[in-house]
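Analysis of the macromolecular model
These are the residues of each chain, in order.
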Amino acid sequence: RHAHILGYPFAGGQGRQGPELSPGWLFEQPWIQPRDGLTLEMIDVSNPSSNITPDKSIVHGHRFGQKNWNNVLHSCQKLEEATESTLLKDHFPIVFGGDHSQGIGSINGLKNVYPDARVLWVDAHIDANTPLSTPSGNVHGCPVGYLSGLFPYVKKPVLSLKHLIYFGIRSWEPEEKQLVDDNQIPWFRSEDCLVERMDEIKASVEAHMFPDGVKVPYWISFDIDGVDYHEFQSTGTPESLGLTIKFMLKFLEVFLPESVGMDFTEVNFLMSQGEQTEKDKETIKFLLEYIIDKIHQQDFKYNHSNYP
Ligand code: ARG
Ligand code: MN
Ligand code: MN
Ligand code: MN
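Residues numbered from 1 in each chain as written. Chains lettered and ligands numbered in written order. Predicted model: local features only at pLDDT ≥ 70, side-chain atom pairs only at ≥ 80, totals over all residues. Heavy atoms only, no water.

**Thoughts on the overall build of the chain**
The number of helices and strands found in the chain is 8 helices and 10 strands. In terms of overall size, the chain behaves like a compact globule, its C-alpha atoms giving a radius of gyration of 18 Å where 308 residues would be expected to give roughly 19 Å. Overall, the chain is about 50 × 50 × 40 Å in size when its C-alpha atoms are taken along their principal axes. The averaged location of the 42 negative side-chain charges in the chain is 3 Å from the averaged location of its 26 positive side-chain charges. (Helix = DSSP H or I, 4+ residues; strand = E, 2+ residues; numbered from the N terminus. Rg over C-alpha atoms; globule rule 2.2 N^0.38 Å. Lys, Arg positive; Asp, Glu negative; His and termini not counted. Charge placed at Lys NZ, Arg CZ, Asp CG, Glu CD.)

Encoded structure:
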């Protein structure tokens, strides 16, 4: 398969500077240059910065708590189109952000092509806040809420909560945890995410996602803060007690062949210093090269035109 990296230099879904710089950094690296099986595209977001005056948006006549909403939606619209057209070429989009508000765009694009695709959300956070529950106003804490129709003005949810599983979560608002519990969304805690237990994890993911045995593809929404802070620090809302890189590699090995695309979000090199930043840059290189290689080695499994 062919990997297509969509750089998404957008930071307006949270309050720090830095995530918007990561795709530019990536595209300059010699090891990522376009070649057989790999192409790169930068999404032109008109307002990448987190310093946009928070607009405390008024939408459909309601005043809500989320910030930069019009900017998020405007940029996500472009990402939705780019993700969709990548999938229609049967290329594998790796959407490299940017903050996790990008999930609104990428997963809408996914759902335009694969309406019943399942989502594996790897993150320290549940990211299912709504305009009413968000404590910070940061939309990167809300993409699951938006996609699953919990925003009061979203008429057509694109993601059923039955089609979602979490890995590595360890930080949430009470409303989010309630949602996970009420909807019986499975979540694997870091301490359960052991390489030796991967067969068991895969079996229980499949039992939940495909109760009738018919498989459809996954989308992996990977927030780097799902990884333990001691292994990776260049991210805006770090949490300890997270996943190991070792587990992530196993996870990617097992689930990439069953997936049609992924997000790779929340990389912020302004959050670390000196040698740690260099170490974290090496980690991103290692992970991305591993991902690209796995995609390249694989034949087509899901092809949009023969998709049921
Ligand atoms: N739950 C917190 C909030 O809503 C933090 C969300 C962090 N999300 C992320 N994608 N890093 O503000
Ligand atoms: Mn749409
Ligand atoms: Mn997170
Ligand atoms: Mn996230």
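**Description of the coordination of the manganese ion (ligand 4)**
Six octahedral donors around a metal ideally subtend angles of 90 or 180 degrees, whereas four tetrahedral donors ideally subtend 109.5 degrees. For the manganese ion (ligand 4), the full set of protein donor atoms is His100 (ND1), Asp123 (OD), Asp127 (OD) and Asp223 (OD), at a range of 2.0 to 2.2 Å. Here the donor residues of the manganese ion (ligand 4) share one chain and are spaced in sequence as H-x22-D-x3-D-x95-D. Taken as an interatomic distance, the gap from the manganese ion (ligand 4) to the manganese ion (ligand 3) is 3.2 Å; Asp123 donates to each of them. With His100 in the loop between strand E5 (92–97) and helix H3 (103–113) and Asp223 in strand E9 (residues 218–223), this residue pair connects regions lying 123 residues apart in the sequence. Its relative accessible area of 1% is what places Asp223 among the buried residues. (Donors = N, O, S within 2.8 Å, 3.2 Å for Na, K, Ca; no water. Buried < 20%, exposed > 50% of the residue type's maximum accessible area, 1.4 Å probe, protein only.)

**Considering helix H7 (residues 245–255)**
The buried fraction of H7 amounts to 8 of the 11 residues, a majority that puts the element mostly inside the structure. All of the buried residues along H7 are Ile245, Phe247, Met248, Leu249, Phe251, Leu252, Val254 and Phe255. Structurally, H7 contributes buried residues whose contacts are with strand E6 (118–122), strand E7 (164–167), helix H6 (198–209), E9, strand E10 (259–265) and helix H8 (274–297). (Contact = heavy atoms within 4.5 Å.)

**A look at the site of ligand 1**
Surveying the vicinity of ligand 1 reveals 13 residues, the closest of which are Asp127, Asn129, Ser136, Glu173 and Thr237. Within the side chain of Glu173, an N or O atom sits 2.7 Å from a nitrogen atom of ligand 1. Contacts to ligand 1 include Glu266, whose side-chain N or O atom sits 3.3 Å from a nitrogen atom. In the complex, 92% of the free accessible area of ligand 1, which totals 350 Å², lies under the protein chains. Residues of the shell around ligand 1, tallied by class, amount to 1 nonpolar, 7 polar and 5 charged. (Near = heavy atom within 4 Å. Polar contact = N/O pair within 3.5 Å; in protein donor to acceptor, adjacent residues only side chain to side chain. Areas by Shrake-Rupley, 256 points an atom, 1.4 Å probe, with all protein chains shown as cover. Nonpolar A, V, L, I, M, F, W, Y, C, P; charged D, E, K, R; others polar.)

**Things to note about the pairing of strand E2 (residues 38–42)**
In this structure, strand E1 (residues 3–8) lies alongside E2, joined through 5 bridges in parallel fashion. From the neighbouring strand, Ala3 faces E2, where its bridge partner is Leu38. Where the polypeptide runs from E1 across helix H1 (residues 22–28) and back to E2, its parallel neighbour, the crossover connection is right-handed. (Pairing = 2+ DSSP bridges. Right-handed = clockwise from strand over helix to strand, strands pointing away.)

**Thoughts on the nonpolar core**
Counting 50 residues, the largest nonpolar core has Ile94, Phe251 and Phe264 as the members making the most contacts within it. Here this core gets 8 residues from one element, more than from any other, and that element is H7. With residues up to four places along the chain from it excluded, the contact list for Ile94 reads Ala3, His4, Ile5, Leu6, Met262, Phe264, Leu288, Ile291, Ile292 and Ile295. Of all hydrophobic cores here, the second largest spans 41 residues; its members include Leu6, Phe10, Ile43 and Ile104. (Core = buried A, V, L, I, M, F, W, Y, C linked by side-chain atoms within 4.5 Å.)

**A short note on helix H5 (residues 174–182)**
Looking only at H5, the buried set comprises Glu176, Lys177, Leu179 and Val180. All buried residues of H5 project into a common sector of 155° when viewed along the axis, lining one side. Within H5, the exposed residues directed more than 90 degrees away from the buried face are Pro174 and Asp182. Where H5 is buried, its residues contact E7 and strand E8 (187–188). Following H5 by one or two positions, Gln184 has its phi on the positive side, about 50°. (Arc of directions from axis to C-beta.)

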